[in-house]
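Examining the three-dimensional arrangement
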Amino acid sequence: MDRPVETLREWPFLRLICLAAAAPLLGGCAQDSSGGAARGEAAPGDTAAMYAARLAESLGGRDAWDRTRYLSFRWIVERDGEVVANREHSWDRYEGSYRVGFEQDGAPHLLLFNVNEVEPHPDLDRVPAGRAWVGGTELAGAARDSALRRGYGAFINDTYWALMPFKWEDPGVHLAFEGTRTLSDGNEYAAIHLSFDQGLGTTEDQYWGFLDESGRMAAWQYHLGRSEAPGEVIWWSDWSPVGDIRFAMTRVLDSGERFMRFEDVVARETVPEGRFDPPSP
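About the criteria used
For every chain, the first residue of its written sequence is number 1, and the numbers climb from 1 along that sequence. Since the coordinates come from a predicted model, pLDDT governs what is reported: local features require at least 70, and pairs of side-chain atoms require 80 or more to be given and counted, while whole-chain, interface and lining totals use all residues. Only hydrogens and water are set aside; all other atoms, that is, all heavy atoms of the structure, feed into the side-chain values. pLDDT is a residue-level measure of predictor confidence that goes from 0 to 100. Numbering goes from the N terminus for both helices and strands, where a helix is a DSSP run of H or I of at least four residues and a strand is a run of E of at least two. Basic side-chain nitrogens of Lys or Arg form a salt bridge, by our definition, when they fall within 4 Å of a carboxyl oxygen of Asp or Glu. Exposed residues in this analysis have more than 50% of their type's maximum accessible area, buried residues have under 20%, and partly exposed residues fall in between, with area computed by a 1.4 Å probe over protein chains only. Any two strands with at least two DSSP bridges between them are considered paired. The aromatic pairing rule takes the rings of Phe, Tyr and Trp, using the six-membered ring of Trp, and pairs them if the centres are within 6.5 Å, calling planes under 30 degrees apart stacked, those over 60 edge-to-face and the rest tilted. The term nonpolar core refers to a set of buried residues drawn from Ala, Val, Leu, Ile, Met, Phe, Trp, Tyr and Cys, joined through side-chain atoms within 4.5 Å. Any pair of residues with heavy atoms lying within 4.5 Å of one another is described as a contacting pair. Throughout this description, a polar contact denotes any pair of N or O atoms lying within 3.5 Å of each other; where both atoms belong to protein, one of them has to be capable of donating a hydrogen while the other can accept it, and for residues adjacent in sequence the pair is counted only when both atoms sit in side chains.

A separate point is the confidence of the model for the protein chain. Confidence in the prediction for the protein chain averages 83 pLDDT; 79% of positions are at 70 or higher. Per-element confidence in the protein chain is highest for strand 6 (residues 137-138), whose mean pLDDT is 98, and lowest for strand 5 (residues 125-134), whose mean pLDDT is 91.

Take a look at the structure:
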């Protein structure tokens, strides 16, 4: 089986923090007191490409990422100590098969679709090809399309929260080294600005990744296009080996409050048999 050739066509919009249950957690898009990624003095030879290469190595290496065909995880969001979102994801990166499961209003929802087969919809923007069930009953027509659109939005949102450090070298992503920045822990980090090609969804959105001395991403900051100010710095912590790659299990606000975690994370070269099969009648 060929390895996946991923581009930003898999990430057609990049509005993350203000999607779904994540928006109220941060009280909107909070302003960082620095007003953005401050520019420092660049050392000779420091380039964004150099830092991107170091980041890739800290994650296990590009080859390890390319070999990772199957990913699954549970995306859990907390607010005031209570779970407000809990979605289960599974993804065959080579074939594009995707599975999202969650509970809403006491009923289990299951969505099966293909992230590489997404078509414009007259009423719902973009809807992937797939099937949807609520409480064990398969949906049809407009109800199915609406559910699949939501599932595709969950794919975009949740996987970017999970995998953003792996996407720095995708086509259409532009990196700029902006020197060093001192964050709230008193340590200096290399600040890398990420922007996106015109036509790749919400191209006015911007992100900064902050790398520590080992090359690992310690935190990020976002600036959504519709926001007047950059958002809060968010720490990526609890880096752990999963399969051949490394994965950050926790997202922590700059205030120190944990608001997102990942559980049941699996990364492997093969797809579990039957994982993307529809439920039995």
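Looking now at the pattern of salt bridges. Tallied over the full model, the rule gives 14 salt bridges. Ionic pairing is found between Asp244 and Arg67, a salt bridge with its closest N-O pair at 3.3 Å. Separated by 177 residues along the polypeptide, Asp244 in the loop between strand 11 (234-242) and strand 12 (245-253) and Arg67 in helix 2 (residues 62-67) bring together distant segments of the chain. The class of Asp244 is partly exposed, set by a relative accessible area of 40%.

Let us look at the pairing of strand 7 (residues 173-182). With eight bridges joining them, strand 7 and strand 8 (residues 188-196) adopt antiparallel strand pairing. Residue pairing for strand 8: Val173 is matched across the bridge by Phe196. Hairpin connection between strand 7 and strand 8: a loop of five residues separates the two successive antiparallel strands, and Gly186 in this loop has a positive phi of roughly 85°.

If you walk through the whole model with that rule in mind, you get 19 aromatic pairs. Between Trp161 and Trp220, the aromatic rings sit 4.8 Å apart at their centres with planes inclined by 55°, giving tilted as the arrangement. Taken together, the residues Trp161 in helix 3 (residues 141-163) and Trp220 in strand 10 (residues 217-223) connect sequence positions 59 residues apart. Residues Trp161 and Trp220 agree in their burial class; the two are buried. Taking the centre distance of 5.6 Å and the plane angle of 35° together, the rings of Tyr207 and Trp220 count as tilted. Here the residue Tyr207 occupies a position in strand 9 (residues 206-211), and Trp220 occupies one in strand 10, the gap between them amounting to 13 residues. Relative accessible area serves as the criterion here: at 1%, Trp220 is assigned to the buried category.

This next bit is on the nonpolar core. With 60 residues, the main nonpolar core has Phe113, Met164, Trp168, Met217, Trp220 and Phe262 as its most contacted residues. Residue contributions to this core peak at nine residues, all from helix 3. Ignoring sequence-local partners within four residues, the contact set of Phe262 consists of Phe73, Arg74, Trp75, Asp158, Trp161, Ala162, Phe247, Ala248, Met249 and Arg251. Grouped together as the second largest cluster of nonpolar side chains are ten residues, Tyr189, Trp208, Phe210 and Ala219 included.

So, on to the environment of Val83. You can see Val83 is positioned in strand 2 (residues 82-92). Of the residues examined, Val83 reaches a relative accessible area of 47% and is grouped as partly exposed. Placed 177 residues apart in sequence, Val83 and Met260 show a C-alpha to C-alpha distance of 9.2 Å. Not counting the four nearest positions on each side in its chain, Val83 is found in contact with Ile76, Val77, Glu78 and Arg261.

A few words now on the environment of Ile156. Of note, Ile156 is situated in helix 3. The spacing of Ile156 and Val115 is 41 residues in sequence and 9.4 Å in space, taken between C-alpha atoms.

Okay, the environment of Asp63 next. Note that Asp63 resides in helix 2. The partly exposed category is assigned to Asp63, whose relative accessible area is 48%. A C-alpha to C-alpha distance of 9.3 Å links Asp63 and Asp244, two positions 181 residues apart in sequence.

Tracing the chain through its elements places Asp170 in the loop between helix 3 and strand 7. One polar contact links Asp170 to Lys167, side chain to side chain, over a distance of 2.9 Å.

Moving on: unusual backbone geometry. Non-glycine residue Asp238 carries a positive phi angle of around 60°. For Asp238, a relative accessible area of 46% corresponds to the partly exposed category. Here the phi dihedral of Asp264 falls at roughly 55°; this positive angle occurs in a residue that is not glycine. Mapped onto the secondary structure, Asp264 falls in strand 13 (residues 258-268). Given the relative accessible area of 54%, Asp264 is considered exposed.

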